Number of protein chains: 2
Amino acid sequence: MRKIAESTVRRLSLYLRFLEHSQGQGHTTISSADLARRGGTTSAQVRKDLSFFGSFGKRGLGYPVGELAARLRDILGLRRTYRIVVIGAGRIGGALVQYPGFRQRGFNVSAIYDSDPKKVGSRWNGLLVRDVGHLEADLKREPGDIAIVVTPADAAQEVTDRLVHAGVKAILNFAPIQLTVPSDVVVKSVNMALELETLSFALANR
Amino acid sequence: MRKIAESTVRRLSLYLRFLEHSQGQGHTTISSADLARRGGTTSAQVRKDLSFFGSFGKRGLGYPVGELAARLRDILGLRRTYRIVVIGAGRIGGALVQYPGFRQRGFNVSAIYDSDPKKVGSRWNGLLVRDVGHLEADLKREPGDIAIVVTPADAAQEVTDRLVHAGVKAILNFAPIQLTVPSDVVVKSVNMALELETLSFALANR
């Protein structure tokens, strides 16, 4: 497959949300203009984004809602469920475990780990906080598809190395450092302060 | 100023973090190779990123750490502090109010709002949860620089309209909808499920 930019993948996710919403309202076709509005883009961009993945819809008739939604779910890898493990039972970790948007997309948080004996054994949203010392043994028994790393910065690389060694191929990183992983592992970093800096940059450079 | 891609701005933030770390360790110069490692990129990209903003450093001697950090703080708008208001005292809102990385970058969460009478009047990390009905009056008295919207999807556009009307020019949106704002307002959206979908896409398309 051609290399697809992350910005394209994000728009595909937004299109899918809008398609599902439209389907729920009983619509069977949708125009590229409607999809563009939802994705914060132009009709031309919508057609270009979707053309990466074959031809959809008939000129002038719009896209068939159900068929396009199914195809986007395919493309985004959402025909299956994913086992998610969260490392770090701090405030952000706790919020993520309870995030309602995950389960409805098939992202099932199945375990949360911490190294703090005061946290291990407590329950977060019904999930038992496990000792991170058991990570490898647990992953051997129940492999994880995606790990969310929400540890302090100085623990993140070590725990990432352990996750990679235990076979995890995708990591969502909330720790404020750049993680080093082998080329067959994909990392996506989220840093709240960095998000705010894209805004302070915009405010400072208008 | 030339239009700078968001991916460039994010790398500048990462370079700044590494420069501050190096400064703390007593280093006075730094190579583009070191900055590249931290930003997850190449030396050539570092030189290109920094060339947008004038010339830094001497060929072969590396970049002067203190001077480059100060310049990046300028570029990123970090020479000042920002007043942040958070709308929505749910789980993610609560985690954000306590996020340690904000204050050290000059992002001061000064108020949190909710519409739920059970939450209004309670304290989150020392901050009183205010009634969102008072938003306009409060912003008139104490203008907000950046608003973080963490409401349910169906409340997000209305509260955004009110924020924009009250003069807020930058919004970080956690609600799972695309917000519509005037062209002089900048919105950055964060959606945890979308972040995971960039990973499921990567896993499905390897």
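Thresholds, definitions, all that
- Residues numbered from 1 in each chain as written.
- Chains lettered and ligands numbered in written order.
- Predicted model: local features only at pLDDT ≥ 70, side-chain atom pairs only at ≥ 80, totals over all residues.
- Heavy atoms only, no water.
- Phe/Tyr/Trp six-rings, centres within 6.5 Å; stacked < 30°, edge-to-face > 60°.
- Lys NZ or Arg CZ within 6 Å of the ring centre and 35° of its normal.
- Salt bridge = Lys/Arg side-chain N within 4 Å of Asp/Glu carboxyl O.
- Helix = DSSP H or I, 4+ residues; strand = E, 2+ residues; numbered from the N terminus.
- Buried < 20%, exposed > 50% of the residue type's maximum accessible area, 1.4 Å probe, protein only.
- Polar contact = N/O pair within 3.5 Å; in protein donor to acceptor, adjacent residues only side chain to side chain.
- Contact = heavy atoms within 4.5 Å.
- Buried area = accessible area lost by both parts, 1.4 Å probe.
- Nonpolar A, V, L, I, M, F, W, Y, C, P; charged D, E, K, R; others polar.

Asker: For this particular structure, what's the right way to read the packing of aromatic side chains?
Answerer: To describe a pair of aromatic rings, one takes the distance between the centres and the angle between the planes. In the structure shown here, the tally under the stated rule is 2 aromatic pairs over all chains. Directly above the aromatic system of Tyr82 of chain A lies the positively charged group of Arg80 of chain A, at a separation of 4.0 Å from the ring centroid.

Asker: What is the right way to read the pattern of salt bridges from this model?
Answerer: If you walk through the whole model with that rule in mind, you get 34 salt bridges over all chains. In this structure, the salt-bridge partner of Arg83 of chain A is Glu142 of chain A, at a minimum N-O distance of 3.5 Å. Taken together, the residues Arg83 of chain A in strand β3 (residues 82-87) and Glu142 of chain A in the loop between α7 (135-141) and β7 (146-149) connect sequence positions 59 residues apart. Owing to a relative accessible area of 31%, Glu142 of chain A belongs among the partly exposed residues under this scheme. Overlapping salt bridges bring together Arg17, Glu20, Arg73 and Arg105 of chain A together with Glu197 of chain B as one network.

Asker: So what exactly am I meant to see when it comes to the side chain of Ser13 of chain A here?
Answerer: Mapped onto the elements, Ser13 of chain A comes out in helix α1 (residues 6-24). Within polar-contact distance, the side chain of Ser13 of chain A engages the side chain of Glu197 of chain B at 2.6 Å. Filtering out sequence-adjacent residues up to four positions away, Ser13 of chain A remains in contact with Leu76 of chain A together with Leu194 and Glu197 of chain B.

Asker: Is there a simple way to explain the interface of chain B and chain A in this structure?
Answerer: The accessible area lost on association of the parts is a frequent measure of interface size. In this assembly, 60 residues from chain B lie in contact with 60 residues from chain A. With both sides pooled, the region where chain B packs onto chain A buries about 5,400 Å², and carbon together with sulfur makes up 68% of that total. Among the residues chain B hides against chain A, the three largest losses belong to Leu196, Glu197 and Phe201 of chain B. Together they make up 13% of the total. If you look at where chain B meets chain A, you find 8 salt bridges. The salt bridge partner of Glu197 of chain B is Arg105 of chain A, with a shortest N-O separation of 3.0 Å. There are 18 residue pairs in polar contact (both at pLDDT 80 or more) connecting chain B and chain A. Looking at which element gives the most residues to the side of chain B that touches chain A, the answer is helix α9 (residues 192-204) of chain B, with 13 residues. Residues of the side of chain B that touches chain A, tallied by class, amount to 34 nonpolar, 12 polar and 14 charged.

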